[in-house]
Amino acid sequence: MSDTVLSAAPILDRFRLEGRVALVTGAGQGIGRGYAHALGEAGAAVAVVDLDGELASQVVDELADKNIDALAISADVTVEEDIQRMVDSVLGRWGRLTIAVNNAGMADWTAAEDVSEENWDKINDLNLKGVFRCAQAEARIMLKAGYGKIINTASMSASVVNTPQKQAVYNTTKAGVLHLTRSLAAEWAPRGIRVNSISPGYTHTKLVEDLLYTPLGQEYAPTWMALTPMGRMCEVPDLQGAVVYLAAPASDFMTGHDMVVDGGYCCW
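Now for a look at the structure at hand.

Conventions we followed
Residues numbered from 1 in each chain as written. Predicted model: local features only at pLDDT ≥ 70, side-chain atom pairs only at ≥ 80, totals over all residues. Heavy atoms only, no water. Salt bridge = Lys/Arg side-chain N within 4 Å of Asp/Glu carboxyl O. Buried < 20%, exposed > 50% of the residue type's maximum accessible area, 1.4 Å probe, protein only. Helix = DSSP H or I, 4+ residues; strand = E, 2+ residues; numbered from the N terminus. Expected span 1.5 Å × (residues − 1). Arc of directions from axis to C-beta. Pairing = 2+ DSSP bridges. Axes fitted to C-alpha atoms, helices over the stretch in contact; angles between N-to-C directions.

## Looking at the pattern of salt bridges
Scanning the entire structure with this criterion turns up eight salt bridges. With a shortest N-O distance of 2.8 Å, D13 and R16 are connected by a salt bridge. The exposure class of D13 is partly exposed, given its relative accessible area of 38%. R16 gets classed as partly exposed once you look at its relative accessible area, which sits at 41%. For E41, the salt bridge is made with K66, and the minimal N-O distance between the two is 2.4 Å. Of this pair, E41 sits in helix α2 (residues 30–41) while K66 sits in the loop between α3 (53–64) and β3 (70–74), placing them 25 residues apart in sequence.

Following this line, the structure appears as structure tokens:
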């Protein structure tokens, strides 16, 4: 038997992303912005994709200050033509796509009995169908290359029912992302694509910070913290190591896995 430990690249080198090309959806702010910075700092070129082109451009400017090769793309991941233009833009700039992070999504607090069909469709179109359509377009490129990493943003809400807020539709879409990730992982593994997901817990982003100043946010936050063993919210940097690991050669034997980063919330 060969000694694979001695023949493997040094461990820190297996976390480097030089020569890789990544795209991140929903990267104009919050978690997606943090992912874009992390992947770029690890060596990848990064396509910053957001519905708001101005926000995407601002993140590209931040990356440029770090000498990271980056491209801003304005795209609506619920529109198939935009998805295709997104991947075509990446190919036009770099000629390849190695890493895709499907992060765009939305939350919703609506009591189940009050959910309209329009609301159901809107959340599903972005959180679940959008992830599938993006993964499909990304995989068409990666399958030709025989290698690629697809990372989907799920949520701890894929595995638990959050309290006290009512979010049945959101929970359902994220559970769908979890099983979609596993299904794509099993289907594409023999052809070189690894598909995994990251499930953040309550994460301190600007959108959540704004929410915490509302009456509902002030009512709910103490319960969230009481149910989190670490007693605090996730900060975006807490998630950056996870996305770099899943994007890097260090995780080449991992597929179909959901990496939960929730401060222990799901332990109860």
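## With respect to helix α4 (residues 80–94)
Along its 15 residues, α4 runs 22 Å from first to last C-alpha, staying within 8% of the 21 Å computed at 1.5 Å per residue. Listing the buried residues of α4 in full gives D82, I83, M86, V87, V90 and W94. Each buried residue of α4 lies within a common arc of 135° when the element is viewed along its axis, so the set occupies one face. Exposed side of α4, more than 90 degrees from the buried face: E81 and G92 are the residues found there. Immediately beyond the C-terminal end of α4, within one or two residues, lies G95, with a positive phi of roughly 80°.

## Description of the sheet that holds strand β1 (residues 21–25)
Note on sheets: strands pair through backbone hydrogen bonds, and any given pair is parallel or antiparallel. With parallel pairing, seven strands are arranged side by side in an open sheet as β3-β2-β1-β4-β5-β6-β9. Whereas interior strands pair on both sides, the edge strands pair on one side only; in this sheet they are β3 and β9 (258–261). On average, each strand axis in the sheet is inclined to that of its neighbour by 15°, with strand direction left out of account. Of the strand pairs in this sheet, strand β5 (residues 148–153) and strand β6 (residues 193–200) are connected by six bridges, and their pairing is parallel. Looking at the pairing, I150 lines up with V195 of β6.

Purely spatial values, then, with no claim about function.
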